[in-house]
Amino acid sequence: MAEVIVVGGGVGGMVAALLLARGGHRVRLHERLGRLGGKLAERERDGFTFSLGPSLLTLPGLFRELGIERELVRLDELCRYRFADGSNLRAFRDPDRMAAEVDRLAAGQGTAWRAFHGWAQGCLAASQRTFFAGPVGRPPEGARLGDLPAVAPGRTLHELARRFFADRRLRQYVGRYATYAGSSPYRAPAALGCVAAIEHGDGGWYVPGGLARLADDLAGLVAAAGVEIQTGSEVARVSANGDSVEGVLLASGEREAADAVVVNADAAALYGRLLPDRRRVRRMARLGLSSAALLILAGVEGRTEGLPHHSVLFSGDYRGEFGDIFQRRVPPRDPTVYIGCSAVDDPSQAPQGAENQVLLVNVPAGDPGRWPMTPESYGELVLERLAQRGHDLAGRLRFVELFTPADLRDRYGAPGGAIYGTAYGGPTAPLRRPGNRGPRRGLYLVGGSAHPGDGLPLVAMGGRIVASLVEQDFPVAGASDVGRKGAWS
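Residues numbered from 1 in each chain as written. Predicted model: local features only at pLDDT ≥ 70, side-chain atom pairs only at ≥ 80, totals over all residues. Heavy atoms only, no water.

A.B. asks: Where do I start with the packing of helix 6 (residues 157–164) against helix 7 (residues 168–175) in this structure?
C.D. replies: Two measures define how a pair of helices packs: the angle their axes make with one another and the distance between the axes. Between helix 6 and helix 7, whose axes approach to 9 Å, the crossing angle comes to 140°. The two elements helix 6 and helix 7 meet at a crossing, and its hand is right-handed. Across the interface between the two elements, Leu157, Ala161 and Arg162 from helix 6 touch Arg171, Val174 and Gly175 from helix 7. Looking at the contact of helix 6 with helix 7 residue by residue, the class counts come to 3 nonpolar, 1 polar and 2 charged. (Axes fitted to C-alpha atoms, helices over the stretch in contact; angles between N-to-C directions. Helix = DSSP H or I, 4+ residues; strand = E, 2+ residues; numbered from the N terminus. Left-handed = near helix turned anticlockwise from the far one by under 90°. Contact = heavy atoms within 4.5 Å. Nonpolar A, V, L, I, M, F, W, Y, C, P; charged D, E, K, R; others polar.)

Here it is, written out as structure tokens:
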């Protein structure tokens, strides 16, 4: 049995802690904030509840395997896209309905979408056998000869979209998958297109009461497994002696010994502050930061007829938008806006006769104090752009509250509010992100900035990978190998 300390109680840290405790290890978890869940958080105000992180669940089987049995609502319409020319694309989970909808938008392109979806299915299957199966660098047991070409190596996501679609709007729709990783479709790898196979396979799910309930369920399982949980407890340093970790130093001055330390924090925080490593910091700097986000939390009077749970209102110049974010480092003047709304009938999310709307815009990571305009002024610009595109909230706003990159930085320790860690800048970028094993024996990294990536399903997979690594390095005699159980049921 190993003594394991988990630093940070996000989803990845909780999954690792849960599996390790079930495997017979003694686990202590320290979380700086007052509750577990990390970015799976919410903000309550005046009877409204807003998701500050993910608001849609995919691959729910990953969480059911852990023992979460909460009832979920499957969404028929995953998202509604509105393009700059005023046309719309309704993304239905069912592939047949989706192909018909693509044909309605662009005659003859339904067949192209079916071909794209087929490619995405093959890409996802190959990724399950390789990239998602374990840490980077370990030859996966189930890999096949055709897995590498199946992920379109060397292509960007935009190049993939051009391969399948003649219609500019459909290329923009495919390019949006890069933003799931805080990246530009003109630089991100084509493999991100496999998300289409997830969305139009297992589908997207709403969690009644808000997605933060999933964090509550997971925290309950962690406590029931015997993990010693300490919230409001900040870790100042990871202690190491030569080639191995020794434990942690708390901000209170107390030292705790451990055989293994699992860090569920941004890799920049680990190698910049907790256990300084200049070489790794320089390596991450070469990858560049992902985008950050500006969240506009809007309490809206009345109900918007026909508004789905998720909408995206695209900019008129997608390439220019990402040039603003990643090259010019300014908030885009013509931003794509994501709208998350309590369109699913859930009285816990808004007072009767009202609705919550979370408006998200991708912006450059960094200090918003250096923007050409204040965050408040930029928020007004976003609302103006929405009104121009047919989503006018004038006269209906009870209040507006901003959540800026500075808030993301201060809350989660993400440099410049880069909530996705490093950007996927180039086709091989996923393989160059920080790995799950650290440079000292007994040191492990889990979370959105590490392999296999960000987003609820991937950080849950990361928690499982890390638990498996700890079990390999510190085996418990007679214990079941819970960390390596399949993650795709």
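Now that the structure is up, let's keep going.
A.B. asks: Help me out: how do you make sense of unusual backbone geometry in this one?
C.D. replies: Excluding glycine, residues mostly carry a negative phi; peptide bonds, for their part, are mostly trans. Between histidine 451 and proline 452 the backbone carries a cis peptide bond, its omega angle lying at 5°. Summarising the element assignment, proline 452 is placed in the loop between strand 20 (443–445) and helix 16 (456–473). With a phi close to 50°, leucine 59 is a non-glycine residue in the positive phi region. Considering the arrangement of structural elements, one finds leucine 59 in the loop between strand 5 (57–58) and helix 2 (61–64). The backbone of arginine 329 sits at a positive phi, close to 60°, despite the residue not being glycine. Residue position: arginine 329 is located in the loop between helix 12 (318–328) and strand 17 (337–341).

A.B. asks: Just to check I follow, could you spell out the nonpolar core for this structure?
C.D. replies: As a rule of thumb, nonpolar side chains are buried together in soluble globular proteins. Among the nonpolar cores identified, the biggest contains 118 residues, and Phe63, Phe116 and Tyr173 are the most heavily contacted of them. In terms of residue count, helix 16 provides more of this core than any other element does, 10 residues in total. Beyond its immediate chain neighbours, meaning those up to four positions away, tyrosine 173 contacts Tyr81, Phe83, Leu89, Met98, Trp113, Phe116, His200 and Phe314. (Core = buried A, V, L, I, M, F, W, Y, C linked by side-chain atoms within 4.5 Å. Buried < 20%, exposed > 50% of the residue type's maximum accessible area, 1.4 Å probe, protein only.)

A.B. asks: Which parts of the structure should I look at to understand the side chain of glutamate 321?
C.D. replies: Locating glutamate 321 in the fold gives a position in helix 12. Not counting the four nearest positions on each side in its chain, glutamate 321 is found in contact with Ser315, Pro332, Asp334, Pro335 and Thr336.

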